[in-house]
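Chains, contacts and geometry: an overview
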Amino acid sequence: MNIRKAVIPVAGKGTRFLPATKQIPKEMIPIINIPMIHYSVMEAVNSGIEQLVFVTSTGKESIENYFDRNLELERFLEQNGKEKELELIQKIGTTIEVITVRQKEQLGLGHAINCAKHVIGDDTFAVILGDDLVRSEEPVTRQLAEVSKAQGNKSVIGVMEVPNKDTFRYGIVDGEFLADDKKSLHMKAMIEKPKPSEAPTNLATPGRYILTNEIFDCLDEIPRGVGGEYQLTDAINLLASRDKVFAHIFNGDRFDTGNIEGYLNATVEFALRDEATRDIMMNIIKEKIGTYGIK
Ligand code: UTP
């Protein structure tokens, strides 16, 4: 079964980016000139997703507008010979059907996903967090969708290896590798932010999931968890007690742009990877090293 629907929750308060997020959704903050959310949406498009569900909240209208067409701007770019910019703008506005649902109270990621239930229906779907960017040759959502298909259309949690000392920052997966496969596991449980000494593995879950629609029953049944919020982790653990759930180590470099350190890292890295900005960024770094005497 091909995965055609994806949920991108963007209803969070984004407190780590205040005061900007008082007025601008975190996901609209650009890495150089491209808003973070653009990368997540292009990942969905390049993974074959046809319908995208944004879970939004008050003040997030600019995200919807960004993925709408702006005919006046398109005409302006056309008349002024700006083909490259025109192509990018048109691609954003025409490649995917966007549906918006509201999360009226920010009761956690699990609650946000549950708000998309009526749009997802009986389908297996992808979840892509809008503030976790992954650069990879094959889009991560497609990598996970292929594993799901190969395992009989089951849920698959995207995971990446992290240093042991950092397990306390992530959801960590416990499980057993499948025979002859060093990248896919049968997941037993997901543990939120374990101390390094208590972590069963170093496989962290940075916000990419393929979920069967049974997750919605689980989301309905779980009580509020850590922080008084409905946690997606709790629902996935319940799902894993009822059905096979897999984890898969995806290929790609992940950037947690939901915090300042990850955001700065992505900005420098993306500038260095792009021919148009590489030399500019190199020169800035060289100059700063000279100015501040960084060793
Ligand atoms: P975060 O934990 O990063 O929370 O949510 P946040 O509110 O966006 O940011 P901070 O921690 O206050 O700085 C992870 C993802 O889940 C979404 C967020 O939009 C983000 O994409 N989310 C979180 C919701 O959609 N609703 C919620 O109730 C909570």
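Quick caveat: nothing in here was measured; it's all calculated off a predicted structure. (Residues numbered from 1 in each chain as written. Predicted model: local features only at pLDDT ≥ 70, side-chain atom pairs only at ≥ 80, totals over all residues. Heavy atoms only, no water.)

1. A word on the overall build of the chain
Looking only at helices and strands, one finds 11 helices and 14 strands in the chain. In the chain, of all internal contacts separated by at least 6 residues, the share reaching a separation of at least 24 is 74%. Accessible surface, the chain as shown: approximately 15,400 Å² in total, 49% of it carbon and sulfur. (Helix = DSSP H or I, 4+ residues; strand = E, 2+ residues; numbered from the N terminus. Contact = heavy atoms within 4.5 Å. Areas by Shrake-Rupley, 256 points an atom, 1.4 Å probe, with all protein chains shown as cover.)

2. Comments concerning the site of the ligand
Looking at the ligand, there are 17 residues lining it, with Lys13, Thr15, Arg16, Lys26 and Gln103 nearest. Residue Thr15 places a side-chain N or O atom 2.6 Å away from an oxygen atom belonging to the ligand. Here Glu27 contributes a side-chain N or O atom positioned 3.5 Å from an oxygen atom of the ligand. Burial of the ligand by the protein amounts to 82% of the accessible area it has alone, namely 570 Å². Counted by class, the shell around the ligand contains six nonpolar, six polar and five charged residues. (Near = heavy atom within 4 Å. Polar contact = N/O pair within 3.5 Å; in protein donor to acceptor, adjacent residues only side chain to side chain. Nonpolar A, V, L, I, M, F, W, Y, C, P; charged D, E, K, R; others polar.)

3. Considering the nonpolar core
Ranked by internal contacts, the top residues of the largest apolar core, which has 36 residues, are Phe125, Leu211, Ile215 and Ile236. Top contributing element to this core by residue count: helix α9 (residues 232-242), with five residues. With residues up to four places along the chain from it excluded, the contact list for Leu211 reads Asp123, Thr124, Phe125, Val127, Ser155, Ile157, Leu232 and Ile236. If you look at the next biggest cluster of nonpolar residues, it comprises 32 residues, including Phe54, Val147, Val156 and Phe250. (Core = buried A, V, L, I, M, F, W, Y, C linked by side-chain atoms within 4.5 Å. Buried < 20%, exposed > 50% of the residue type's maximum accessible area, 1.4 Å probe, protein only.)

4. Re unusual backbone geometry
Among all residues save glycine, negative phi is the norm, and among peptide bonds the norm is trans. Residue Leu18 is joined to Pro19 through a cis peptide bond whose omega torsion reads 5°. Its location among the elements puts Pro19 in the loop between β1 (5-9) and β2 (30-31). Backbone geometry places Asn153, a non-glycine residue, at a positive phi of 60°. Within the element layout of this structure, Asn153 appears in the loop between α7 (140-150) and β8 (155-161). Judged by relative accessible area, Asn153 falls into the partly exposed class, the value being 26%. Within the chain, Lys193 stands out as a residue other than glycine whose phi angle is a positive 45°. Counting through the fold element by element, Lys193 comes out in the loop between β10 (184-192) and β11 (203-204).

5. A word on the environment of Ile37
Examined against the element boundaries, Ile37 turns out to sit in helix α1 (residues 36-46). When its relative accessible area of 0% is taken as the criterion, Ile37 is described as buried. Remark: the alpha-carbon pair of Ile37 and Ile128, spanning 91 residues in sequence, is separated by 10.0 Å. If we ignore the near neighbours within four places in the chain, the residues touching Ile37 are Ile8, Val10, Glu27, Met28, Phe54, Ile63, Phe67 and Gly130.

6. Points about α7
Considered for burial, the residues of α7 that qualify are Val140, Thr141, Gln143, Leu144, Ala145, Val147 and Ser148. Looking one or two residues beyond α7, the residue adopting positive phi is Gly152, at roughly 85°.

7. Quick look at the side chain of Thr277
Examined against the element boundaries, Thr277 turns out to sit in helix α11 (residues 275-292). Each residue touching Thr277, except ones within four places of it in the same chain, is listed here: Phe270 and Ala271.

8. Digging into the state of the cysteines
Taken as a whole and judged by the stated rule, the model has zero disulfides. The thiol of Cys115 is unpaired, and the distance to the nearest cysteine sulfur, on Cys218, comes to 17 Å. Residue Cys115 is classed as buried on the basis of its relative accessible area of 16%. (Disulfide = S-S within 2.5 Å.)

9. Side note on the pattern of salt bridges
A complete count under the given rule lists 18 salt bridges for this structure. A salt bridge links Glu50 to Arg4; its shortest N-O distance comes to 3.0 Å. Separated by 46 residues along the polypeptide, Glu50 in the loop between α1 and β4 (51-56) and Arg4 in the segment before β1 bring together distant segments of the chain. In this structure, Lys5 engages Asp123 in a salt bridge whose closest nitrogen and oxygen atoms are separated by 2.9 Å. Residue Lys5 is found in strand β1, and its partner Asp123 is found in the loop between α6 (117-120) and β6 (125-128); the two are separated by 118 residues along the sequence. Several salt bridges share partner residues, and in doing so they unite Asp132, Arg254 and Asp256 into one network. (Salt bridge = Lys/Arg side-chain N within 4 Å of Asp/Glu carboxyl O.)

10. Brief notes about the side chain of Thr257
When you line up the elements, Thr257 lands in the loop between β14 (253-256) and α10 (260-273). In this structure Thr257 touches Phe17, Ile31, Met36, Asp131, Asp132, Leu133, Gly262, Tyr263 and Ala266, once residues within four positions along its chain are discounted.

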